[in-house]
Number of protein chains: 2
Amino acid sequence: MTLTASPTTASPTPAHTPTELVAAFTAPQGFGDTTLRDRNPHAIELLGGIPDPSVLPATELAEATARVLARPGQPALQYSRTAGLPVLREWIAERERVPVERVLVTNGGFHGLALALQVVVERGGLVAVDNPVFPLFLRGLELSAGRVVPVPVGARGLDVEALARLLDEGLRPAALYTVPDFHNPSQGTLPSEQRHELVRLAERYGFVVLADNPYRELRFHGEPQDVEPFNRSSHVVHVNTFTKTLGPGLRLGWVVLPEHLAADVQALRSRHDSHSSTFVQAVVAEVLTSREGFFDDTLDTARALYRRRAVALAEALEREAPGAFEVEVPEGGLFLWPRVVDDTIDTELLAEHAADEGVLYQRGSYFPSGPGTDAARHLRLSFGDTSEDALVEAARRLGRAVRRQGA
Amino acid sequence: MTLTASPTTASPTPAHTPTELVAAFTAPQGFGDTTLRDRNPHAIELLGGIPDPSVLPATELAEATARVLARPGQPALQYSRTAGLPVLREWIAERERVPVERVLVTNGGFHGLALALQVVVERGGLVAVDNPVFPLFLRGLELSAGRVVPVPVGARGLDVEALARLLDEGLRPAALYTVPDFHNPSQGTLPSEQRHELVRLAERYGFVVLADNPYRELRFHGEPQDVEPFNRSSHVVHVNTFTKTLGPGLRLGWVVLPEHLAADVQALRSRHDSHSSTFVQAVVAEVLTSREGFFDDTLDTARALYRRRAVALAEALEREAPGAFEVEVPEGGLFLWPRVVDDTIDTELLAEHAADEGVLYQRGSYFPSGPGTDAARHLRLSFGDTSEDALVEAARRLGRAVRRQGA
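Residues numbered from 1 in each chain as written. Chains lettered and ligands numbered in written order. Predicted model: local features only at pLDDT ≥ 70, side-chain atom pairs only at ≥ 80, totals over all residues. Heavy atoms only, no water.

### Observations concerning the overall build of chain A
The number of helices and strands found in chain A is 14 helices and 14 strands. Whereas a compact globule of 407 residues would reach a radius of gyration of roughly 22 Å, chain A reaches 22 Å, a difference of no more than 12%. When the backbone C-alpha atoms are referred to their principal axes, chain A occupies close to 65 × 65 × 60 Å. Counting across all 407 residues of chain A, residues that qualify as buried make up 62%. Relative to all contacts within chain A whose residues are 6 or more apart in sequence, the contacts with residues 24 or more apart total 74%. Element-wise, carbon and sulfur atoms account for 50% of the exposed surface of chain A, whose accessible area totals about 14800 Å². Across chain A, the mean location of the 40 positive side-chain charges is 2 Å away from that of the 53 negative side-chain charges. (Helix = DSSP H or I, 4+ residues; strand = E, 2+ residues; numbered from the N terminus. Rg over C-alpha atoms; globule rule 2.2 N^0.38 Å. Buried < 20%, exposed > 50% of the residue type's maximum accessible area, 1.4 Å probe, protein only. Contact = heavy atoms within 4.5 Å. Areas by Shrake-Rupley, 256 points an atom, 1.4 Å probe, with all protein chains shown as cover. Lys, Arg positive; Asp, Glu negative; His and termini not counted. Charge placed at Lys NZ, Arg CZ, Asp CG, Glu CD.)

What follows is the structure in structure tokens.
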């Protein structure tokens, strides 16, 4: 077969003006702009929160697929219900300790956010967000043309006291967005007590917390902070995903919804794409349930790898650029968030020099959602899918980039 | 692990009123209402357009999965681009004879419709639709709060002359929805000449044709009608899916977009769920490309099966309920659309009696999008996933149901 390109014919009448919804979408700026990457294809990339292939259960997924597709009638190839495959929903509900009716299976965490936003935020509504913030959330927020109110994030995640002051002064958001575990980008984890307080504020002032928790299972230091305040509250959508644990390419996640939102989110979701792939759900449910402890064992291996990489990168930064960065090894997740100590260093220029030297990362200036954060003085360095050797080399290149500003 | 259900706490402040978008959603009525099914779990179900498991390539998919997951670095488990996996997009583009840039991979045909609607139909906009119509399209249209203008459908699909008259009288829809091949529910196929005329009207009056083509590859009689008018026009979104050919549970389809819509549809899609499962795309691309002719061979087997079943059901209806139905064997697809000949028969009562007798189908009264159709005198009988023996038994039960009205 040969490809005969059929160009579209010239349009006598404009076919459409894009809808108001789509016309308001903004182009990616900074974060998500891949021009840097295209300029230096041989660079070491510390860009995305990408899990390492070696700790994704590829063999188990292939074996599970064979078993699933050998079942009589191959139900994995047929339609299934919008809320998700019962066996998968039940596994999730048990792990979350919530009734199964509150679990909706999604195509990954971002999907859960997009759905929740369109159900709880009226067009043009106010949404309080982390500052600094995961930038793609702001892009998703364009689905509701939401207006952003930044809330400071500190060393221990969202500054709930600052939020309380804003609410006390009259702020009435429809929703609040935060990453409670290993905050993206700044890596703090919201303590249990502040989670309870956040939920109390949501219940008192009538907003919905969008608790976005993709890195939750990747804790490699310290004690887990409780998700129970999120899962108990009628004012929280707890957004989760298998992306960082079983693989982003599956596109599979879930939300824990308050009972009173479950039907609405399902109704919206059914109008988009009916349901998540039965095939993917059946395969993932099969790996999760075929052997007791499979998921926790997989996580243990991953956590050990990410701990080694986090430490290796932090130590290499101290060694290769002594005194240049204030580095803290996070308690989990896939990023370091070092701060450039010397205020005379231009961090935008540093990112350019680093690209020249052959190391790419997300510069901190991509992350503020408003004024009042020193995010621009930071670098977001992903270590998830980079070997220790390459991380050390990346630190070496970063050291050279720092010294190009005479530091 | 034991399940401890944590009921959500009572809400001191209402967490939200649903957004205008969601509040306007209507509950399923008729089509999609599963109460009938729940009442008689042992009935023969001729309800949905469900492909038969025996003609879905389960073994090949399992083998392809093993190969895909054995690739170094397992790219199938990682993020991929919004538009779709290059190898899959290229296969589709070659088959559609369009440039690859005009192909966007989706989570099935319905997903393509939902995306296109939100890009081309302003909220509250006018949308011309088949009458009778695939009812789930109307549910999807609620995403744009679209207002429906019914256009008659005859024995050869959409009545393009009737549409031309409406346009001549001043109708200015943003979009027109039709199923061109083996119309759902009424089974006619729009001839090539009318496709050209429809596209000319769209270009002249500035609307976008949403050509929904899920059954296209299941032709088992007669000559294919050309899709080239759709794929050449700047005023058509050609919506396609692997649902009826490789399996609904994959949730994988595509749209052929006019160049000027491609960026907007991609921008919307990236805000929903980033991209379709890399895993599913990689597996499907692998089965499609691993052996020359695989897809066409798979289709040939399926077409032969569906032809036998269509004929078996039509013949059984003539035999078991002589003279009761006017039955035409369609040229493809998964449905018969027999008309009840005797005007004194109450077709609503017939459906109730049929359920009593143990055969479930979609009654024709679920399908009108406006007045002026005799759809309510028809039955939509799916034969896709029902054996010939069961189809004969279903016809027997239908015959008994007809005779309960003394016919």
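### Looking at the pairing of strand 8 (residues 236–241) of chain B
Residue and element names in this part refer to chain B. Burial runs high along strand 8: six of the six residues are buried. Every second residue of strand 8 is oriented toward a common face, with Val236, His238 and Asn240 on one face and Val237, Val239 and Thr241 on the other, all of them buried. As paired strands, strand 7 (residues 208–212) and strand 8 are joined by four bridges and run parallel to one another. Its bridge partner lying in strand 8, Val209 is registered against Val236. Bridging between strand 8 and strand 9 (residues 253–256) involves four bridges; their strand directions are antiparallel. Counterpart to Val239 in the pairing with strand 9 is Val255. (Pairing = 2+ DSSP bridges.)

### Remarks on the relation of the copies chain A and chain B
Mapping one chain copy onto the other needs a rotation about an axis and a shift along that axis. For these two chains of identical sequence, chain A goes onto chain B by a turn of 180° and a shift of 0.0 Å along the axis, with RMSD 0.0 Å. What the superposition gives is, in effect, a two-fold axis relating one chain to the other. Mapped onto chain B, 100% of the interface residues of chain A again fall at the interface, so both copies present the same surface. (Least-squares fit on C-alpha atoms with pLDDT ≥ 70 in both.)

### What to know about the confidence of the model for chain A
All names here are of chain A. When pLDDT is averaged along chain A, the result is 93, and 94% of the positions lie at 70 or above. Note on residues 1–12: pLDDT is under 50 here. Beyond four places in sequence and across chains, it has 31 contacts. Two numbers describe this predicted complex: its pTM, 0.95, and its ipTM, 0.95. (pLDDT = per-residue confidence, 0-100.)

### Details of helix 11 (residues 278–290) of chain B
Over its 13 residues, helix 11 of chain B runs 17 Å from end to end, which matches the ideal 18 Å to within 8%, given 1.5 Å per residue. Where burial is concerned, most of helix 11 of chain B is hidden: 11 out of the 13 residues are buried. Three or more residues of helix 11 of chain B are buried, namely Thr278(B), Phe279(B), Val280(B), Gln281(B), Ala282(B), Val283(B), Val284(B), Ala285(B), Glu286(B), Val287(B) and Leu288(B). Buried residues along helix 11 of chain B sit in contact with helix 3 (58–69) and helix 11 (278–290) of chain A together with helix 3 (58–69), helix 4 (86–96), strand 2 (103–106) and helix 12 (294–320) of chain B. (Expected span 1.5 Å × (residues − 1).)

### Let's talk about the environment of Thr298(B)
Inspection of the secondary structure puts Thr298(B) in helix 12. Apart from the residues within four sequence positions on either side, Thr298(B) is in contact with Val55(B), Pro57(B) and Thr245(B).

### Section: the sheet that holds strand 5 (residues 157–158) of chain A
Residues and elements named next belong to chain A. One open sheet holds the eight strands; their spatial order is 2-9-8-7-6-3-4-5, and the pairing between them is mixed. Two strands close off the open sheet at either side, each with one partner strand: strand 2 (103–106) and strand 5. In this sheet, strand 7 (residues 208–212) lies alongside strand 6 (residues 175–178) in parallel orientation, the contact comprising four bridges. Bridge pairing links Thr178 to Ala211 in strand 7. Helix-sheet contacts for helix 4 (residues 86–96) involve strand 2, strand 8 (236–241) and strand 9 (253–256), and the interaxial angle to strand 2 is about 120°. (Axes fitted to C-alpha atoms, helices over the stretch in contact; angles between N-to-C directions.)

### Examining the packing of helix 3 of chain A against helix 3 of chain B
Following both chains from N to C, one finds helix 3 of chain A and helix 3 of chain B inclined at 175°, their axes separated by 9 Å at the closest point. Regarding the angle of helix 3 of chain A to helix 3 of chain B, the classification is roughly antiparallel. Residues Ala58(A), Leu61(A), Ala62(A), Thr65(A), Ala66(A) and Leu69(A) of helix 3 of chain A form the contact with helix 3 of chain B, whose own contacting residues are Ala58(B), Leu61(B), Ala62(B), Thr65(B), Ala66(B) and Leu69(B). Grouping the constituent residues of the contact of helix 3 of chain A with helix 3 of chain B by class yields 10 nonpolar, two polar and no charged. (Parallel < 35°, antiparallel > 145°, perpendicular 65-115°, else oblique. Nonpolar A, V, L, I, M, F, W, Y, C, P; charged D, E, K, R; others polar.)

### Some remarks on the interface of chain A and chain B
Across the boundary between the two partners, chain A contributes 95 residues, which contact 95 residues of chain B. Of the roughly 7900 Å² buried between chain A and chain B, counting both surfaces, carbon and sulfur atoms make up 58%. In this structure, the connection of chain A to chain B is made through two salt bridges. Along the contact surface separating chain A from chain B lie 28 residue pairs in polar contact (both at pLDDT 80 or more). Those elements giving two or more residues to the side of chain A that touches chain B turn out to be helix 1 (20–23), helix 3, helix 4, helix 5 (109–120), helix 6 (135–141), helix 8 (192–205), helix 10 (259–273) and helix 11 of chain A. Among the elements that line the side of chain A that touches chain B, the one with the most residues is helix 10 of chain A, at 10 residues. A class-by-class count of the residues in the side of chain A that touches chain B yields 44 nonpolar, 34 polar and 17 charged. (Buried area = accessible area lost by both parts, 1.4 Å probe. Salt bridge = Lys/Arg side-chain N within 4 Å of Asp/Glu carboxyl O. Polar contact = N/O pair within 3.5 Å; in protein donor to acceptor, adjacent residues only side chain to side chain.)

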